[in-house]
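Next come the chains, spelled out residue by residue.
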Amino acid sequence: MKIIKGINDKNKNDIVKWTNEKGKDFLEQWAGASLDFPLTVSQIDNMSNIYSIFCENEFIGIIQKIREETENVHIGRFLVNPELTGKGLGKRALIEFINLIFQDENVNSITLNVFDYNVGAKKLYEKVGFKVVNVTENPMKKYMMIMKKGEK
Ligand SMILES: CC(C)(COP(=O)(O)OP(=O)(O)OC[C@H]1O[C@@H](n2cnc3c(N)ncnc32)[C@H](O)[C@@H]1OP(=O)(O)O)[C@@H](O)C(=O)NCCC(=O)NCCS
């Protein structure tokens, strides 16, 4: 498993294809309201701090540092190829990404948001050590979760 900053044009097209085949709700599930359906390569071009996930040299997904705050990094836009989900790849990638972020000694915590209906993703975040810190409902029920350095 390798996590590499940036994304090449071919892999941008994979993200577009995986997403648009599944539809508008799927885009919202992994990107919130920030991207417009149908997804386009140019919208991905506008995303900064995006990381590509590779498993045995195959591009399998993306994850993003959405905001780098003083001591916290807010992550999201986590997507694994829909044909490869449920095999433990996402968990391995997330753990790797967390380790990468915590290598920066100024960073003490990582946060993310997940919709209530996204039961599988929320379970995964709990398994790797994230805890719910805030619940909002505008209009969709959503959790903010946090992982603190050294807690798991
Ligand atoms: C969320 C996502 C990135 C996780 O990647 P993945 O490769 O499917 O996850 P894994 O196979 O590593 O699953 C890890 C754990 O989460 C749990 N899990 C994953 N999907 C689940 C589901 N649909 N229901 C219940 N549990 C689930 C599994 O129990 C697994 O635990 P285990 O390894 O102890 O068995 C991937 O499913 C995905 O791309 N989903 C669509 C986009 C999305 O919703 N992104 C998250 C936005 S917040």
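Procedures and definitions
- Residues numbered from 1 in each chain as written.
- Predicted model: local features only at pLDDT ≥ 70, side-chain atom pairs only at ≥ 80, totals over all residues.
- Heavy atoms only, no water.
- Salt bridge = Lys/Arg side-chain N within 4 Å of Asp/Glu carboxyl O.
- Near = heavy atom within 4 Å.
- Polar contact = N/O pair within 3.5 Å; in protein donor to acceptor, adjacent residues only side chain to side chain.
- Areas by Shrake-Rupley, 256 points an atom, 1.4 Å probe, with all protein chains shown as cover.
- Pairing = 2+ DSSP bridges.
- Helix = DSSP H or I, 4+ residues; strand = E, 2+ residues; numbered from the N terminus.
- Axes fitted to C-alpha atoms, helices over the stretch in contact; angles between N-to-C directions.
- Contact = heavy atoms within 4.5 Å.
- 1 Å grid on protein atoms, 1.4 Å probe; cavity = no way out; pocket = protein on both sides within 12 Å on 5 of 7 lines; lining within 4 Å.
- Points joined across faces, edges and corners; volume = space filled by probe spheres on them.
- Nonpolar A, V, L, I, M, F, W, Y, C, P; charged D, E, K, R; others polar.

Trainee: How should the pattern of salt bridges be read in this particular structure?
Mentor: Between side chains of opposite charge, a pair can form when the charged atoms approach closely. Applying the stated criterion across every chain, the model contains seven salt bridges. When salt bridges with common partners are traced through the structure, they connect D9, K12 and D45 into a single cluster.

Trainee: Where do I start with the site of the ligand in this structure?
Mentor: What surrounds the ligand is a group of 22 residues, the closest being F78, G88, K91, N118 and K127. Within the backbone of F78, one N or O atom sits 2.7 Å away from a nitrogen atom of the ligand. Between an oxygen atom of the ligand and a side-chain N or O atom of K127, the distance comes to 2.7 Å. Coverage of the ligand by the protein chains reaches 74% of its 910 Å² of free accessible surface.

Trainee: It is not clear to me how the sheet that holds strand 6 (residues 131–137) should be interpreted in this structure. Could you clarify?
Mentor: What links the strands of a sheet is backbone hydrogen bonding, and the strands pair in either a parallel or an antiparallel sense. Ordered in space as 1-2-3-4-5-7-6, the seven strands form an open sheet in which the pairing is mixed. Each edge of the open sheet is held by one strand with a lone partner, namely strand 1 (2–5) and strand 6. Strand-to-strand twist across the sheet, computed as the mean angle between neighbouring axes with direction ignored, equals 30°. Across six bridges, strand 6 lies against strand 7 (residues 141–148) in antiparallel orientation. Its bridge partner being in strand 7, V132 is matched across the sheet by M145. Those strands touched by helix 1 (residues 9–22) are strand 2 (50–55), strand 3 (58–68) and strand 4 (72–80), and its axis lies near 90° from that of strand 3. Sitting on the sheet, helix 2 (residues 24–31) is in contact with strand 3, strand 4 and strand 5 (109–115), with an inclination near 150° to strand 4.

Trainee: I would appreciate a short explanation of the layout of surface pockets in the present structure.
Mentor: Empty space among the atoms becomes visible once a probe the size of a water molecule is rolled across them. Its volume calculated, the largest pocket comes out at about 1,100 Å³. Lining the largest pocket are 44 residues, with Q29, F78, N118, A121 and Y125 sitting closest to its centre. Contributions of two or more residues to the lining of the largest pocket are made by helix 2, strand 3, strand 4, helix 4 (89–102), strand 5 and helix 5 (119–128). Of the residues assigned to the lining of the largest pocket, the class counts are 22 nonpolar, 13 polar and nine charged.

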